[in-house]
Number of protein chains: 2
Amino acid sequence: MSKKNIDKLSIFALGGVGEIGKNMYVVQYANDIVVIDCGLKFPEEDMLGIDMVIPDISYLTENRDKVRAILITHGHEDHIGGLPYVLKHLNVPVYATRLTMGLIEGKLKEAGLLGDTKRIVITADSELTLGSITASFFRTNHSIPDSVGVCLDTPEGRVVHTGDFKFDHTPVNDQYADLQRMAEIGKQGVLALLSDSTNAERPGFTPSEKTVGTAIEDVFRSAKQRVVIATFASNVHRIQQVIDAAEATRRKVTVIGRSMVNVVTIAHELGYLRIPDGMLIEPEEVNKMAADRVVILSTGSQGEPMSALTRMARSNHRKVDILPGDTVIIAATPIPGNERYVGRTVDELMRIGANVIYGPGSVTGVHVSGHGSQEELKLMLNLIKPKYFIPIHGEYRMLRQHGLLAESIGMDREDIFIVDNGETVEFQDGVARKGSKVPSGNILIDGLGVGDVGNIVLRDRKLLSQDGILVVVVTLSKQDGAIMSGPDIISRGFVYVRESEGLLEEANRIVTSTLQRLMNENVNEWASLKTHVKDALGRFLYEQTRRRPMILPIIMEV
Amino acid sequence: MSKKNIDKLSIFALGGVGEIGKNMYVVQYANDIVVIDCGLKFPEEDMLGIDMVIPDISYLTENRDKVRAILITHGHEDHIGGLPYVLKHLNVPVYATRLTMGLIEGKLKEAGLLGDTKRIVITADSELTLGSITASFFRTNHSIPDSVGVCLDTPEGRVVHTGDFKFDHTPVNDQYADLQRMAEIGKQGVLALLSDSTNAERPGFTPSEKTVGTAIEDVFRSAKQRVVIATFASNVHRIQQVIDAAEATRRKVTVIGRSMVNVVTIAHELGYLRIPDGMLIEPEEVNKMAADRVVILSTGSQGEPMSALTRMARSNHRKVDILPGDTVIIAATPIPGNERYVGRTVDELMRIGANVIYGPGSVTGVHVSGHGSQEELKLMLNLIKPKYFIPIHGEYRMLRQHGLLAESIGMDREDIFIVDNGETVEFQDGVARKGSKVPSGNILIDGLGVGDVGNIVLRDRKLLSQDGILVVVVTLSKQDGAIMSGPDIISRGFVYVRESEGLLEEANRIVTSTLQRLMNENVNEWASLKTHVKDALGRFLYEQTRRRPMILPIIMEV
């Protein structure tokens, strides 16, 4: 006789599906909720003026007494960046490995939250009791050290979440993925696997990070002058290889860019970077050194307009110039949307006369992805051997491709759940089905405002950005509604006013005659006056210019 | 004794360097100016509200009596799109091959300019006398039929402009490039070559368009339901192959999307498309046909939000639905900046349950570039054997790569001129040097306005798009400057007003007290009042929200 569970296990994403970034997965059994990761994403192009985006956590705050923990798989922004916002509203313990916690604490410190939050450093061998759920971990390879996958044992069965991963058989600093532990987990039986889909569209294997080290060292050796290398600040393995290559080629390294300095400092303090004494020099010392003895390790691999590399490319960095004949390595792939920024930076570097190494890592050799390609995703599926599979982390097409990969190694289509944020997968008595929906979505952060910019504000910003605004002000008499002052028309972002005096004068006449006509007809409700002014003016401007600026009529009364 | 030229030959771009699109090159000898191409480009992401961008032609209008002709190399937007604007200000004869002219006339008709412009249809064998310059042409391969390169014989020597090209040894409809003519031109001696740099970063050879036909036919044959194929409307070769593949697999074709219908109509009328009788069906007939007998040829290969494919993907196209199990082929590479749009369209198609063929043409086989890769660029250089080389058409890094290719086949670096728009290369007595600059730049088109939106308007639109606007209105007494009405604060795009009443009330108090204080201090110049209100309010709002909306103080007087 089989034991019947009354309680259900449910799994869902509050962020992480259909987007890069903002990763947050939730596993709930009865009254115990475990959250995995707490990321942020950068705004999409239609989110005008927004600084960043975090997940809607209203489900968690409504069930705050059930939330046992936030487990963090690794220290990338899209997995930790939401913590300073989320912990303010949901102060639950955060568990992370040592480097990850170092990076988290940097963030919490900036936000003034270090004193108020509960943080527990774990290792890959830790085991946590979180109500009825037991959490354990396994080491993975990724483009940042100390990455782990999560194994959750629940009364309903075992759930495995890979975090971001690749399989790197020659990892930097011997940070091997724990294949044995993964195999053991799989052997013991897994109900559901949640696995990283970022590179599910890519055939084959992702090359080892070690191959980048060799390529970088070759460039350092053959470059006759300075070498500037830009890469993601969080890629500590890559930074280690830059330092190793500098050592091998008798160059010194200077570090520029706030986030790069920050990560190098934290990773060095915590022992994740091995830096020989005297290797690091201050940016000010660069000009005193022979050009072929210097490496400049910089941010800006995405062509970000304010980054150190972009400023150097435009020759307006305070401390370091790039000179003709210098070599610049862009050791990164542009994130979709950043291609133009990177392209412009390359153009500017070439105008200076620098030799620029850029383009696909498969050609240059100076960059590899931190995410596993199709063969690695199949390997993970075969190691864990789950009964059910939920592809995570990626656009819908990537999740779908990952699903097809699972089918290709023999899983049944009905055992694969491709779900949107907020859609739950429920497990009861070993059987999975799509469950109800929980609230999910984007919370927009603009300055200090969290969630106070919504669709109306964004729609107005969009309108304003397209054709600008015309403000029409008129002062009317309280007694008889006569025009006491105005109408005045002020425009911004519409036309170049000095060259459009005629147009604006005619617009003024139209407003005046519209008001006059309405008064003669005894129309004097403000709302009606405003609507008529708006319509008449809008029509006129569209006829004259084919533009539709926002029109804001304001009536004052004296 | 060698003949000394008093007059100079000069060559420059008014558009086409450092950007994709807006191509326009100028060759001038003494009093004779020949213009090659007249393109437009789509606005960059910081050109808010702008519809399109054309070259600054003030040099040409100032020398209008010298401009002999605009020669058009082929019918793509980035080579003909500027004509409706430019011809209004510079009504000179336009020369183009037959299909190219058909597409140009479509544009001029829409702009109501057909009656007023002089258009001369040429063939690849035409020879034109343009003052002291003789123009002849040579057939090239490109992703649109009837593409030509231009050969200009000037008293100073011969100048060759390739237009856009690739070398396709198995062209569709037997439109072979004229290798013999190119070789002959080269043999006779060429002073300067201007050659297309679009794919200068790409190693190897660009595959033949024919390979796409085979791949498409395979998909048509194996698809069990409808096939939707999206590609550039102007790619008549590709359209021919879709029709051929449909015929071979006993499918009918329906054409949707305005520009696709337009091109198919023009190309068919002019004999550039061979369409069997009964092959084309109306979109309305699609639902009556067996699903495996239909091909839908559509616009939208760039994921354009309003295109036919995007509307079908969102299930809101008026006539055609995409059903689960249908196959969608995206036969194009995203133009930089469009990757996200294409990705979203793919996601939406997959959510419907369509099989989507997308991604790099090198993997899918359903797309090839229309531009030659490095080996073809070298072939062109070796055929033409110029004394001097000016790489054209491309971002700076592509021009630079093209220059390196020329060096790799033996040209001297000092004979290669990488120049920006407006920088002239001057030739006298067979010697080239960088000359003076002519005006060049972007003319922005917004609605009916040509060039009336400049930096100030764009800066305001940018500001408005980031944090919105606050309008502060107050009516003051003419007599004593007392506040008669207001201050009223109206905001748009700043905060969600209903949830920010407290903030706006406090803002109001700050404006009132600022005005009161100034009056007590007898400050009553409007400019000063406005500045103080702006500063006080801006400071308060930044402290409270970390946002910097545009603040527009308006003072009325009664």
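Residues numbered from 1 in each chain as written. Chains lettered and ligands numbered in written order. Predicted model: local features only at pLDDT ≥ 70, side-chain atom pairs only at ≥ 80, totals over all residues.

1. Quick notes on the overall build of chain A
Our working definition: In this text, helices come from DSSP runs of H or I with a minimum length of four residues, and strands from runs of E with a minimum of two, each type numbered from the N-terminal end. Burial is judged by counting the other C-beta atoms within 10 Å of a residue's own C-beta: 20 or more makes it buried, 12 or fewer makes it exposed, and any count in between marks it as partly exposed, with every C-beta position built from the backbone. Whether two residues are in contact depends on their C-beta atoms, placed from the backbone: they are in contact if these lie within 7 Å.
Of regular secondary structure, chain A possesses 16 helices and 25 strands. Along the first, second and third principal axes, the C-alpha atoms of chain A reach 90 × 80 × 45 Å. Burial statistics for chain A: of 558 residues in total, 51% are counted as buried. Considering only intrachain contacts with a sequence separation of at least 6, the fraction spanning at least 24 residues in chain A is 72%.

2. Here we look at the interface of chain A and chain B
Note the cut-off: Residue polarity follows a fixed list, in which Ala, Val, Leu, Ile, Met, Phe, Trp, Tyr, Cys and Pro are nonpolar, Asp, Glu, Lys and Arg are charged, and the others, Gly among them, are polar.
Taken residue by residue, the interface counts 58 residues in chain A and 58 residues in chain B. At the level of elements, helix H10 (339-352), helix H13 (396-408), helix H14 (455-467), strand S23 (469-476), strand S24 (483-492) and strand S25 (550-557) of chain A are the ones that each hand at least two residues to the side of chain A that touches chain B. When residues in the side of chain A that touches chain B are grouped by element, the largest group, eight residues, is from H14 of chain A. Counted by class, the side of chain A that touches chain B contains 22 nonpolar, 17 polar and 19 charged residues.

3. Observations regarding the packing of helix H6 (residues 209-222) of chain B against helix H7 (residues 236-248) of chain B
Helix-helix packing is characterised by the crossing angle of the two axes and by the distance between the axes. Residue and element names in this part refer to chain B. This is how the line gets drawn: In this analysis, axes come from line fits to C-alpha atoms, helices being fitted only over the stretch in contact, and the angle between any two N-to-C directions falls in the range 0 to 180 degrees. In this scheme the crossing of two helices becomes right-handed for a clockwise turn of the near helix relative to the far one and left-handed for an anticlockwise turn of less than a right angle.
Two elements in contact, H6 and H7, have axes whose closest approach is 9 Å; the angle formed by their N-to-C orientations is 35°. Pair H6 / H7 crosses with right-handed handedness. For the pair formed by H6 and H7, the contact residues are Glu209, Val212, Gly213, Ile216, Glu217 and Phe220 on the first element and His237, Arg238, Gln241, Val242, Asp244, Ala245, Ala246 and Ala248 on the second. Partitioned by chemical class, the residues of the contact of H6 with H7 number seven nonpolar, three polar and four charged.

4. Re the sheet that holds strand S3 (residues 32-36) of chain B
Residues and elements named next belong to chain B. Quick reminder of the rule: Should DSSP find at least two bridges between two strands, the strands are regarded as paired.
Here we have eight strands laid out as an open sheet, ordered S7-S6-S5-S3-S2-S1-S19-S20, and mixed in their pairing. Every other strand in the sheet has two partners, leaving strand S7 (119-121) and strand S20 (431-437) as the edge strands with one partner each. The average angle at which neighbouring strand axes cross in this sheet is 25°, direction not considered. Sheet topology places strand S6 (residues 94-96) next to S7; three bridges connect them, and they run parallel. In the sheet register, Tyr95 faces S7, and the bridge partner there is Ile120.

5. What about the relation of the copies chain A and chain B?
Both copies of the chain are related by one operation, a rotation about an axis with a shift along it. Threshold: When the copies are superposed, the least-squares fit draws on C-alpha atoms of residues that have pLDDT of at least 70 in both.
Superposing chain A onto chain B takes a rotation of 180° plus a shift of 0.0 Å along the axis, which leaves an RMSD of 0.1 Å. Expressed as a symmetry operation, the mapping of one chain copy onto the other fits a two-fold axis. Taking the C-alpha atom as reference, chain A places Ser465 of chain A closest to the rotation axis, 2.4 Å from it. Both copies present the same face, since 100% of the interface residues in chain A are matched by interface residues at the equivalent positions in chain B.

6. Section: helix H16 (residues 526-545) of chain A
All names here are of chain A. The condition is simple: Take the number of residues in a helix, subtract one, and multiply by 1.5 Å to get its expected span. Note: the arc covers the axis-to-C-beta directions of the helix.
Given a rise of 1.5 Å per residue, 20 residues ought to cover 28 Å, and the 28 Å separating the end C-alpha atoms of H16 matches this to within 8%. Of the residues making up H16, those classed as buried are Leu529, Val533, Leu537 and Leu541. When H16 is viewed along its axis, its buried side chains cluster within an angular range of 75° and face the same direction. In H16, the exposed positions that point more than 90 degrees away from the buried face belong to Ala527, Ser528, Thr531, Asp535, Arg539 and Glu543. In the segment just after H16, Arg546 is the residue with positive phi, at about 55°.

7. Quick notes on the environment of His402 of chain B
Residues and elements named next belong to chain B. Relative to the assigned elements, His402 resides in helix H13 (residues 396-408). Given 29 C-beta atoms within a 10 Å radius, His402 is considered buried. For His402 and Asn199, which are 203 residues apart along the polypeptide, the C-alpha to C-alpha distance reads 8.7 Å.

8. As for the confidence of the model for chain A
Spelled out, the test is: The predictor attaches a confidence to each residue, called pLDDT, with possible values from 0 through 100.
Model confidence for chain A is summarised by a mean pLDDT of 93, while 99% of its residues fall at 70 or above. Reported confidences for the modelled complex are a pTM of 0.89 and an ipTM of 0.85.

9. Some remarks on the sheet that holds strand S7 (residues 119-121) of chain A
Residue and element names in this part refer to chain A. The eight strands are arranged S7-S6-S5-S3-S2-S1-S19-S20 in an open sheet whose pairing can be described as mixed. Two strands bound the open sheet, and with one partner strand each, they are S7 and strand S20 (431-437). For this sheet, the mean inter-axis angle between neighbouring strands, taken without regard to orientation, is 25°. On the sheet, helix H4 (residues 98-110) packs against strand S6 (94-96) and S7 and is oriented at approximately 155° with respect to S7.

10. Regarding helix H8 (residues 258-269) of chain A
Residues and elements named next belong to chain A. Helix length check: H8, at twelve residues, gives a terminal C-alpha distance of 17 Å against a target of 16 Å (1.5 Å per residue), a fit within 8%. Among the structural elements, H4, helix H7 (236-248), strand S14 (252-256) and strand S15 (294-298) are those in contact with the buried residues of H8. Trailing H8 by a residue or two, Gly271 shows a phi angle of about 85°, which is positive.

11. Points about unusual backbone geometry
Most of the time, phi is negative for any residue but glycine, and the peptide bond is trans. All names here are of chain A. Of note, the bond from Gly486 into Pro487 is cis; its omega dihedral lies within 30 degrees of zero at 0°. Not every positive phi belongs to a glycine, and Asp37 is a case in point at roughly 70°. Residue placement: Asp37 occurs in the loop between strand S3 (32-36) and strand S4 (52-55). Among the residues examined, Asp37 registers 32 C-beta atoms within 10 Å and is labelled buried. In the Ramachandran plot, Arg546 falls in the positive-phi region, its phi being about 55° despite a non-glycine side chain. What makes Arg546 partly exposed here is the crowd of 13 C-beta atoms within 10 Å.

12. Remarks on the domain arrangement of chain A
Residues and elements named next belong to chain A. Keep this limit in mind: Delimitation of the domains relies on an automatic or database domain assignment.
Domain parsing of chain A yields domain 1 (9-204 + 369-447), domain 2 (209-357) and domain 3 (455-557). Each of domain 1 and domain 2 was reduced to a C-alpha centroid, and the two centroids are 31 Å apart. Across the contact, 15 residues belong to domain 1 and 13 residues belong to domain 2. Class assignment for the residues of the side of domain 1 that touches domain 2 results in six nonpolar, seven polar and two charged.

13. Re the pairing of strand S16 (residues 327-330) of chain B
Residue and element names in this part refer to chain B. Alternating positions in S16 separate into two faces, Thr327 and Ile329 on one and Val328 and Ile330 on the other, with burial throughout. Pairing between strand S13 (residues 227-230) and S16: four bridges, direction parallel. Its bridge partner being in S16, Val227 is matched across the sheet by Thr327. Pairing geometry for S16 and strand S17 (residues 355-357), over three bridges, is parallel. Across the sheet, the residue bridging to Val328 is Val356, located in S17.

14. Here's the deal with the environment of His317 of chain A
Within the secondary structure layout, His317 of chain A lies in the loop between helix H9 (308-313) and strand S16 (327-330). Not counting residues up to four positions away in its chain, the partners in contact with His317 of chain A are Ala308, Arg311 and Met312 of chain A.

15. Description of the packing of helix H12 (residues 374-384) of chain A against H13 of chain A
Residues and elements named next belong to chain A. What counts, and what does not: The cut-offs work like this: below 35 degrees is roughly parallel, past 145 is roughly antiparallel, 65 to 115 is roughly perpendicular, and the gaps in between are oblique.
Across the interface, H12 lies against H13 with an axial gap of 10 Å and an inter-helix angle of 60°. One element, H12, and the other, H13, form an angle in the oblique class. The hand of the H12/H13 crossing is right-handed. Counted together, Gln374, Leu377, Lys378 and Leu381 of H12 and His402, Leu405 and Ala406 of H13 form the full contact between these two elements. In terms of residue class, the contact of H12 with H13 is built from four nonpolar, two polar and one charged.

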